[in-house]
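Listed below are the residues making up each chain.
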Amino acid sequence: MPTINEILTTMDYGPAPESTKEAHAWLEQHGRRFGLFIDNVWSEPADTFASINPADGVELAHISQASSSDVERAVGAARRAQPGWVALGGHGRARVLYALARLLQKHARLFAVIETLDNGKTIRETRDADLPLAARHFYHHAGWAQIQAEEFADYRAVGVVGQIVPWNFPLLMLAWKIAPALAAGNTVVFKPAEFTSLTALLFAQICVQAGVPAGVVNIVTGDGRVGEAIVNHAGIDKLAFTGSTEVGRLIRTATAGSGKKLSLELGGKSPFIVFDDADLDAAVEGLVDSIWFNQGQVCCAGSRLLVQESVEQRFLAKVRARMDNLRVGSPLDKSMDVGALVDPVQRQRIDALVESARAEGCTIYQPQCETPAAGSWYLPTLITGASTSAAVAQAEIFGPVLVAMSFRTPAEAVQLANNTVYGLAACVWSESISLALDVAPQIKAGVVWINTANQFDAACGFGGYRESGFGREGGKEGMLEYMTALAEDRRPAAPTLSAMATPRPIAGDALTIDRTAKLYIGGKQTRPDSAYSRAVHGVDGSFLADIGDGNRKDIRNAVEAAHKASGWTRATAHNRAQVLYYIAENLAVRADEFAARLAAMTGSKDPQREVQASIERLFYYAAWADKYDGQVHQPPMHGITVALNEPVGVIGIICPNEAPLLGFIALVAPALALGNRVIAVPSEDHPLAALDLYQVLDTSDLPGGVLNIVSGSADELARTLATHGDVDAVWRHDGSAAGCAEVERLSAATLKRTWVGGARGRDWYDIKQAAGRAVLAHASQVKNVWIPYGV
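Numbers given for residues are sequential positions, taken from 1 along each chain in its written order. Local features in a predicted model are, by the rule used here, given only for residues with pLDDT of at least 70; side-chain atom pairs are given and counted only at 80 or more, and totals for whole chains, interfaces and linings are based on all residues. Heavy atoms from the whole structure form the basis of all side-chain values; hydrogens and water molecules are not counted.

Chemist: With reference to specific residues and values, describe the overall build of the protein.
Modeler: For the protein, the count of helices and strands is 30 helices and 33 strands. Here the C-alpha radius of gyration of the protein, 28 Å, is about what a compact globule of 791 residues would show, namely 28 Å. If you line up the protein on its principal axes, its C-alpha atoms span 110 × 65 × 45 Å. Accessibility here uses a 1.4 Å probe with only protein chains present; expressed as a share of the type maximum, an area under 20% marks a residue as buried, one over 50% as exposed, and anything in between as partly exposed. Counting the 791 residues in the protein, one finds 59% classified as buried. Only heavy atoms enter the contact rule, under which two residues are in contact if any of them lie within 4.5 Å. In the protein, once contacts between residues fewer than 6 apart in sequence are set aside, the share between residues at least 24 apart is 77%. On the protein, roughly 29,300 Å² of surface is accessible, and the fraction owed to carbon and sulfur atoms is 52%. None of His or the chain ends enter the tally, which takes Lys and Arg as positive and Asp and Glu as negative. To locate a charge, take atom NZ for lysine, CZ for arginine, CG for aspartate or CD for glutamate. Across the protein, the 71 positively charged side chains and the 85 negatively charged ones have centroids separated by 2 Å. Labels follow the DSSP assignment, with helices taken as runs of H or I lasting at least four residues and strands as runs of E lasting at least two, numbered in each case from the N terminus. Atoms counted for the radius of gyration: C-alpha only. Globule rule: 2.2 Å times residue count to the power 0.38. Computed by Shrake-Rupley with a 1.4 Å probe, the accessible areas treat only the displayed protein chains as cover when residues are assessed.

Chemist: Describe the side chain of Arg304, listing the residues and the values that go with them.
Modeler: Secondary-structure assignment places Arg304 in strand β13 (residues 304-308). By convention in these notes, a salt bridge is any Lys or Arg side-chain nitrogen within 4 Å of a carboxyl oxygen on Asp or Glu. The side chain of Arg304 sits in the buried core without any salt bridge; Glu396 is the nearest counter-charge, 11 Å away. As used in this structure description, the phrase polar contact means that two N or O atoms lie within 3.5 Å; if the pair is within protein, one of them must be able to donate a hydrogen and the other to accept it, and residues adjacent in sequence are counted only when both atoms belong to side chains. Polar contacts involving the side chain of Arg304 include one to the main-chain carbonyl oxygen of Ala417, which spans 2.7 Å. Once residues within four sequence positions are removed from consideration, Arg304 is found in contact with Lys269, Ser270, Pro271, Phe272, Ala393, Leu402, Val403, Leu416, Ala417, Asn419 and Thr420.

Chemist: Outline the pairing of strand β27 (residues 639-647), listing residues and values.
Modeler: The pairing criterion is simple: DSSP has to find at least two bridges between the two strands. Across three bridges, strand β26 (residues 631-633) lies against β27 in antiparallel orientation. The residue bridging Gln631 from the neighbouring strand is Ala643, located in β27. Counting the residues that bridge the hairpin from β26 to β27 gives five residues. Where β27 meets strand β33 (residues 780-788), nine bridges bridge the pair, whose relative direction is antiparallel. Bridge pairing links Asn645 to Val782 in β33.

Chemist: Tell me about the packing of helix α3 (residues 68-87) against helix α4 (residues 89-106), and name the residues and values.
Modeler: Lines fitted to C-alpha atoms define the axes here, with helix axes fitted over just the stretch in contact, and angles between the N-to-C directions of these axes take values from 0 to 180 degrees. In the contact formed by α3 and α4, the axes pass within 7 Å of each other and the chain directions differ by 105°. Relative to α4, the element α3 lies roughly perpendicular. In this structure, α3 uses Trp85, Val86 and Ala87 to contact α4, whose residues at the interface are Gly89, Arg93 and Val96. Should an angle lie under 35 degrees it is considered roughly parallel, over 145 roughly antiparallel, and from 65 to 115 roughly perpendicular; all remaining angles are considered oblique.

Chemist: Kindly report on the pattern of salt bridges, identifying the contributing residues and their values.
Modeler: Applying the stated criterion to the full structure yields 32 salt bridges. We note a salt bridge from Lys768 to Asp154, for which the minimum N-O separation is 3.9 Å. Highlighted residues: Lys768 in helix α29 (residues 767-770) and Asp154 in the loop between α7 (148-151) and β6 (155-157), separated in sequence by 614 residues. On the basis of relative accessibility, which here comes to 43%, the residue Asp154 falls in the partly exposed class. Connected through shared salt-bridge partners, Glu18, Arg109 and Lys334 make up one network.

Chemist: Summarise the pairing of strand β32 (residues 753-756); cite the residues concerned and give the values.
Modeler: As defined by bridge partners, strand β31 (residues 729-732) adjoins β32 across four bridges and the pair is classed as parallel. Bridging across to β32, Arg732 finds its partner in Val756. Here the term right-handed applies to a crossover when the path leading from its first strand over the helix to its second strand runs clockwise, the strands being oriented away from the viewer. Assessed by its sense of winding, the connection that carries the chain from β31 through helix α28 (residues 737-746) to β32 is right-handed.

Chemist: How would you explain the nonpolar core if you had to name every residue and give the values?
Modeler: For this analysis, a nonpolar core means a set of buried residues of the types Ala, Val, Leu, Ile, Met, Phe, Trp, Tyr and Cys, connected via side-chain atoms within 4.5 Å. Residues Leu100, Phe138, Phe203, Val217, Leu305 and Phe315 are the most contacted members of the largest nonpolar core, which totals 109 residues. When neighbours within four sequence positions are excluded, Leu100 is seen to be in contact with Phe138, Leu182, Phe203, Ile206, Cys207, Ala210 and Val212.

Don't take any of this as a statement about function, it's just geometry.
Written out as structure tokens, the structure reads:
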């Protein structure tokens, strides 16, 4: 008689198929042909393409290919509907969002089955993960709509939003995008992925049932031409895109100088770090959820396994054993772990990358199991022996492929984790909370999961650093992506100079001495590499001084100095505040001198006002330095999510010509307060206001390299900063529309963050226009660290 263990060993799962009867009935109701959903009206299907079930290659339906004129109609409908949607008020919008959440729950099974049929992911994932989280987003954002008037009193809706999503989480991405946009008072033109449009079309149907007014939600289907039409449409106020980094670059380039607000959630190559004190069995289960969830077609998939050397072989043995027990098969079978890839083209790309690793001598491990004869399938794969520069270790494979390598120390783990152009997510596994919380902030990623993986919630922001894009989905920061500060509407149409007047006599003053103002790099006064200088004259035409004409090499030197000054980022916020207070104190001592210089340069009638405002602004950001705290979220899991406001890194700042001292301080001070290092290009017209400051900085305990000042041509220096690979963000506020557009366009290569003023000026004296949380948000990026407890 067999033992219990023998019986358990020989037991296997029986088939547990999900019924598709209701899903096919819904498709039949529409004749398996779908038009576009514009202004709450369905168009007649025209110029259609097939939607295919990736698990068996069977045609599900025909979807309409939208034209540019269709996009025009959708944008027009959204524009007409937007004022009424705002006028409905927060409570009115909350009721509609609540109704959408309820209808998603009511029809959850239908949505889940259609998603599985259309996408190829397992029914367990669509049923137990995608649908509940999609409904949660609408519930959560119904709450934001209800309290919008008090929580976002200084903001308004952006207007008409264009939204483009990929095929890996069709309905969930729709919820991530549409829920906050509607809550804030925007109307949307939404484009689902060409491969997976069906759940978006079902969602359009429940929009009518939920009472969404005509034109508020418009859904246009089709290929990349439709996305391109949305991106280039002048009537779109904001674009929200999730997809590949390559397409993200194209969108950043296409929108440069347009004034469109932009958020990009792009690719990733996320590290999954296992320390030797981790619960290895739990880490294996986390790894399964991280890389083989949704067949690895997840932008934040833990595709790079980093294991501490002392447990590497033991852990990899457990991983292989677990891979052998993964069930690959019909996504509609509730006992399956791994479903089908979305398309044969995706399978070919994955296979080519794996074979390139095999050709390089890597070891490839796959479980011995069969896959269905029809459809697009790829077995879970483990690659070992790859170099850190191998294609499989650097490229986003976007499939069920795991690349493993080892490390010896926590410092090496961090170094390997950050050895990528991406920065979307990471997992850290350790039983030492001290170790985990020491490593998590060092990883350049927007989300870090500790002893867990692939956790998401509407209350917790999600998004990346570096070439994983910018902007956040979810949380308060996600709502702000769909809003504009009211103060932005009050900005002057063009940069304004101070009122002109005859300057006060300064004969005999030390400021009249002929001299050359040098650059300030690494805490030292330096001559420009070009060995050129140019004269600066006062408002009356008198010679004031020569200034150095900085060039590309000077920027390179400044960036190197800024990176060497990384200790500023690690300094406590209190210490940074003390330095800013000290700079203000030393500027106050020389207030009359700076006022005289401003009068001579600009002819200002009241230069003392600008100096005093600059001192006050330094105090203002010194005050914020240790008060711009993050938040602690309590998502529906047994744990907390800590949202940390981290510095962006190295920021290049092109300063304004108006209010040359205050404008310089108003931009540089918030960046320094939050721990960034800065390369500042002072006012091209009035650079001495900033160049004189290095005498103040030398006596204010500011570490060398934290603030570097390079004078010269704003256009040339901005161009260099925007293309420099080690500059993390560029701000330009000198009033040059063409220059700002160029910064945005050139930043696409590395997808660095930008903050530009375009051809509009800014009242630098106005706290709401030129200070506050809106500015601090540009100087920081949010990292969400998920910390389970009691498990």
